[in-house]
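Below are the chains, spelled out letter by letter.
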Amino acid sequence: MPVLDRERETEQGGGDALPKLPVPALGDTLDLYLRTLRPLLTEEQYQETLKIVTTFGAPGGLGELLQRRLLERSENRANWVYDYWLNDMYLANRMALPINSSPVMVFPPQHFRAPIDSLRFAAHLISGMLEYKSLLDTRSLPLDYARGQLAGTPLCMEQYYRLFTSYRLPGPQRDTLVAQQSSVMPEPEHIIVACRNQFFVMDVVINFRRLNERDLLTQLDKISKMADSEEERLPAIGLLTSDGRTEWAESRRVLMKESTNRDALDMIERCLCLVCLDQSSGLDLTDTSRAKLMLHGGGGAKNGGNRWYDKPMQFVIGSDGCCGVVCEHSAFEGIVLVQCTEYLLKYMRGSPSKLVRAASVSELPAPRRLRWKCTPEIHKHLSSSADKLNRQVRNLDMDVHKFHEYGKEFIKKQKMSPDAYIQVALQLAHHKCHGRLVATYESASIRRFQEGRVENIRSATAEALGFVRAMADLKSSDTEKMERLRAAINAQTKYTVLAITGKAIDNHLLGLREIAQDLKLEKPEIFKDKAFLISNQFILSTSQVPTTVDMFCCYGPVVPDGYGACYNPQSDHVLFCVSSFRDSPQTCSEEFVQILERGLLEMRDLCVRHNADTDGNPSGKADERPSGKPKEETLERPVQSQATRMVGGTPSALGDVQRPPPQVLVSKAAAKGQVDIQTQTTSQGGSKERKI
């Protein structure tokens, strides 16, 4: 299969007119790197690192050599960091996808009175998905524009076109992102329906006509009945995809020895998406339990095998009303996931409703069950995969909490950015829990640039440390605390601007490290320094994911002793999804949430008291707009950097392995007709990017 022509794909996504991602000045990055380290290191550690960084950046030194090579690379590529970043963040990561890498969107609970109701819901959702795909196929999806800082800037749309055309292929050392290149006349589309751990091929376009919802429901009902047949039930092969990537690659290699298995794998890998018809979990469906079920399916005994984690989009419809989407994250960022799922939920509520449906197909071919030939070796792999998934299920500590006391409107009335305010609150909570600040990841979109993905906003600033210490100091006055709060929020906002304009440090440092590997140089001392490892152990992995419909996002931690903290700020409340691992004695999600809530109340009370003292407004209801403008971010699963990934609590040697560019392959579809569809337009050319 030919390597993907990235320049062509960018043009299709409207990114060819966008500027290239800049390479920051070496001195600026090193200075900022040192500033981000200050709150994380002891004075002794900092002074040692200062010497190493100074040597690296000295005139005529190694840093300048690597910088020159990086500038040369930027001249010859649409995006100098993309391949490095894709490898490091995703493809070279060997951890299992569920919990560790794949975020999920959790839909509001559904109330199905009968089994057919869940199938009707699934048929309606598939119909909406096909409409959205038609917008993509006809290049009718409105262009995204930036909001907040530098509002109105057009954004790269490349990621949208991988929603239903890509697949993450496991490899023994690194994975491959496979992308089918859709043409004017694509081959007949099909989806894979998973039911009772069985997989069925369901065509959604037959004889050049898209199935309407009645036909979709008919086919889903057939699949449900076929899956009920215990005589034909096959092993839960999907469990293999929940394993570590190297283990799954080995299992797939064994499967590929049989032609029957090769055919089944081919059908799954080329499908548009998965629709997972789950059995009832038997659990009380709280926000927390639904979040956990969406992340791991409940393990091998429930619906953990009713998945295929390599596909970017898996729509889960549980007979008990537990519904949502599981996302494989290497192909696109969270803004794409949110935009797509919000479109689907709004479509299912009746808006938009202008869909030109095909007439009913009189002779519907029966859906086809995928067959597998399983050797004793495969059964052994299945048992091992199930055991590991079940351990992950038991280990996940999740707490979904709705903070009701106030939301973003109160924060705006304090003339503060809601996102920056919440980030400072997360720093306060961690300091209250553990007595220190830690490396924190918050994603920022760099889609203003060609092939832009994300950069990291480092929220553990010196100003945030000053604020949390002031809050713990009984001698600090409210005036001092308020000054430090505003300083922390301003520092957060300034770093955000650096990140979204391509001037933050993480991508640049990654590029310098990878250029050294490309040149086959010994790893520079700056990247072997303990401070670099500390700064890349993201104990706090955070994302703001606001939604305009009733759903929420969550994910797992990225290090063994860390937290995943996803939040959805609304006008009068904030929804927090906090995750950690039970086998870590340092973490507890419920305790973190309780302390986070306490800190948010303290921050509110501080603002109210300060307002009462300064202008006699005890309610804190100022009319002015917040000085910190909303910033745009993307749901980037900050999977632990390859250089600093921990194995058994120690840095992995994998960070020293020479790695080729990420494999991004393309397969051309056969010619086929288009579906006629009416599309909606929005003012100013389309939707605008939100914080996520």
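So, here is what we can say about the structure in this document. (Residues numbered from 1 in each chain as written. Predicted model: local features only at pLDDT ≥ 70, side-chain atom pairs only at ≥ 80, totals over all residues. Heavy atoms only, no water.)

Describing the overall build of the chain
Piece 1. Helix and strand counts for the chain stand at 20 helices and 21 strands.
Piece 2. Residue burial in the chain is summarised as follows: out of 692 residues, 61% are buried.
Piece 3. Contacts in the chain between residues at least 24 apart in sequence constitute 80% of all its contacts with a sequence separation of at least 6.
Piece 4. Carbon and sulfur atoms make up 50% of the accessible area of the chain, which totals about 26,300 Å². (Helix = DSSP H or I, 4+ residues; strand = E, 2+ residues; numbered from the N terminus. Buried < 20%, exposed > 50% of the residue type's maximum accessible area, 1.4 Å probe, protein only. Contact = heavy atoms within 4.5 Å. Areas by Shrake-Rupley, 256 points an atom, 1.4 Å probe, with all protein chains shown as cover.)

Some words on the packing of helix α2 (residues 26-37) against helix α17 (residues 506-518)
Piece 1. Axis separation between α2 and α17 bottoms out at 10 Å; the angle between their running directions is 115 degrees. Taken together, the axes of α2 and α17 lie roughly perpendicular to each other. Of the two elements, α2 crosses α17, and the hand of that crossing is left-handed. Of the residues in α17, those touching α2 at Leu26, Thr29 and Tyr33 are His508, Leu509 and Leu512. (Axes fitted to C-alpha atoms, helices over the stretch in contact; angles between N-to-C directions. Parallel < 35°, antiparallel > 145°, perpendicular 65-115°, else oblique. Left-handed = near helix turned anticlockwise from the far one by under 90°.)

Considerations on the environment of leucine 163
Piece 1. With respect to the element layout, leucine 163 can be found in the loop between α6 (115-137) and β2 (166-169).
Piece 2. Between the C-alpha atom of leucine 163 and that of leucine 272, which follows or precedes it by 109 residues, the distance is 8.3 Å.
Piece 3. Dropping the residues within four chain positions of it, leucine 163 is found in contact with Tyr132, Leu136, Leu272, Pro312, Met313, Phe332, Val336 and Cys340.

Examining unusual backbone geometry
Piece 1. For asparagine 207, which is not glycine, the phi torsion reads 55 degrees and is therefore positive.
Piece 2. The topology assignment puts asparagine 207 in the loop between β6 (205-206) and β7 (209-210).
Piece 3. Even without glycine at this site, lysine 415 takes up a positive phi of about 60 degrees.
Piece 4. With respect to the helices and strands, the residue lysine 415 is situated in the loop between α13 (408-413) and α14 (418-434).

Section: the sheet that holds strand β14 (residues 454-457)
Piece 1. Spatial strand order, β12-β18-β17-β15-β13-β14: 6 strands in an open sheet with mixed pairing. Every other strand in the sheet has two partners, leaving β12 (396-403) and β14 as the edge strands with one partner each. Within this sheet the neighbouring strands show an average axis-to-axis angle of 25 degrees, counted without direction.
Piece 2. Packing of helix α16 (residues 478-500) onto the sheet brings it into contact with β13 (440-445) and β14, and relative to β14 it is tilted by some 160 degrees. (Pairing = 2+ DSSP bridges.)

Here's the deal with the packing of aromatic side chains
Piece 1. In the structure shown here, the tally under the stated rule is 14 aromatic pairs.
Piece 2. Pairing tyrosine 567 with phenylalanine 576 gives two aromatic rings, centres 6.3 Å apart and planes at 40 degrees, and the pair type is tilted.
Piece 3. Relative accessible area serves as the criterion here: at 2%, phenylalanine 576 is assigned to the buried category.
Piece 4. One Lys or Arg, arginine 139, reaches over the ring of tyrosine 161 and ends 3.8 Å from the middle of that ring. (Phe/Tyr/Trp six-rings, centres within 6.5 Å; stacked < 30°, edge-to-face > 60°. Lys NZ or Arg CZ within 6 Å of the ring centre and 35° of its normal.)

Section: the pattern of salt bridges
Piece 1. A full pass over the atoms with the stated rule returns 35 salt bridges.
Piece 2. Arginine 371 is the partner of glutamate 232 in a salt bridge, and the nearest nitrogen-oxygen pair spans 2.6 Å. Residue glutamate 232 is found in the loop between α7 (213-227) and α8 (245-255), and its partner arginine 371 is found in the loop between β11 (368-369) and α12 (376-395); the two are separated by 139 residues along the sequence.
Piece 3. A relative accessible area of 35% means that glutamate 232 is categorised as partly exposed.
Piece 4. Ionic pairing is found between aspartate 310 and arginine 245, a salt bridge with its closest N-O pair at 2.8 Å. With aspartate 310 in the loop between α10 (287-296) and β9 (313-318) and arginine 245 in helix α8, this pair connects stretches of sequence that are 65 residues apart.
Piece 5. Look at the salt bridges and you will find they share partners, linking Arg94, Arg168, Asp175, Arg245, Asp310 and Glu328 into a network. (Salt bridge = Lys/Arg side-chain N within 4 Å of Asp/Glu carboxyl O.)

Observations regarding the environment of threonine 241
Piece 1. Residue placement: threonine 241 occurs in the loop between α7 and α8.
Piece 2. Ignoring anything within four residues of it in the chain, the contact list for threonine 241 reads Trp248, Arg307, Trp308 and Tyr309.
Piece 3. Within the structure, the side chain of threonine 241 is placed 2.7 Å from the backbone oxygen of glycine 238, a separation counted as a polar contact.
Piece 4. For threonine 241, the side chain forms a polar contact with the main-chain nitrogen of tyrosine 309, separated by 3.1 Å. (Polar contact = N/O pair within 3.5 Å; in protein donor to acceptor, adjacent residues only side chain to side chain.)

Considerations on the side chain of glutamate 455
Piece 1. Its place among the elements puts glutamate 455 in strand β14.
Piece 2. For glutamate 455, which is buried and forms no salt bridge, the nearest opposite charge comes from arginine 458, at a distance of 7.0 Å.
Piece 3. Within the structure, the side chain of glutamate 455 is placed 3.1 Å from the backbone nitrogen of asparagine 507, a separation counted as a polar contact.
Piece 4. Each residue touching glutamate 455, except ones within four places of it in the same chain, is listed here: Glu442, Ser443, Ala444, Ile446, Ala499, Ala504, Ile505, Asp506 and Asn507. (Lys, Arg positive; Asp, Glu negative; His and termini not counted.)

Brief notes about the pairing of β9
Piece 1. Within β9, 6 of the 6 residues are buried, which leaves the element mostly enclosed by the surrounding structure.
Piece 2. Where strand β8 (residues 274-278) meets β9, 5 bridges bridge the pair, whose relative direction is parallel. Paired with valine 275 across the bridge in β9 is phenylalanine 315.
Piece 3. Remark: the β8/α10/β9 crossover connection has right-handed handedness.
Piece 4. The pairing of β9 with strand β10 (residues 323-327) spans 5 bridges and is classified as antiparallel. Across the sheet, the residue bridging to glutamine 314 is valine 326, located in β10.
Piece 5. Turn length for the β9-β10 hairpin, with the two strands adjacent in sequence and antiparallel, is 4 residues, and the turn residue glycine 321 shows positive phi of about 95 degrees. (Right-handed = clockwise from strand over helix to strand, strands pointing away.)

Here we look at the environment of glutamine 450
Piece 1. Inspection of the secondary structure puts glutamine 450 in the loop between β13 and β14.
Piece 2. In this structure glutamine 450 comes out as buried when scored by relative accessible area, which is 9%.
Piece 3. Within the structure, the side chain of glutamine 450 is placed 2.8 Å from the backbone oxygen of leucine 18, a separation counted as a polar contact.

Focus: a nonpolar patch on the surface
Piece 1. The grouping of Leu62, Leu519 and Leu521 at the surface amounts to a nonpolar patch, some 200 Å² of accessible area in total.
Piece 2. The topology assignment puts leucine 521 in the loop between α17 and α18 (525-528). (Patch = residues over 30% accessible without salt bridge, like charges linked within 9 Å, V, L, I, M, F, W, Y side chains within 5 Å.)

Section: the side chain of threonine 501
Piece 1. With respect to the helices, strands and loops of the structure, threonine 501 is situated in the loop between α16 and α17.
Piece 2. Here the side chain of threonine 501 touches valine 497 through a polar contact of 2.6 Å, landing on its backbone oxygen.
Piece 3. Looking at threonine 501, its side chain comes within polar contact range of the main-chain oxygen of leucine 498, at 3.2 Å.

Description of the packing of helix α15 (residues 462-472) against α16
Piece 1. Where α15 meets α16, the closest approach of the two axes is 8 Å, and the angle between their N-to-C directions is 155 degrees. On the basis of their axis angle, the class for α15 and α16 is roughly antiparallel. Relative to α16, the crossing made by α15 is left-handed. The residues of α16 that touch α15, namely those facing Glu463, Ala464, Gly466, Phe467, Ala470 and Met471, are Lys481, Arg484, Leu485, Ala487, Ala488 and Ala491.
Piece 2. Split into classes, the residues belonging to the contact of α15 with α16 amount to 8 nonpolar, 1 polar and 3 charged. (Nonpolar A, V, L, I, M, F, W, Y, C, P; charged D, E, K, R; others polar.)

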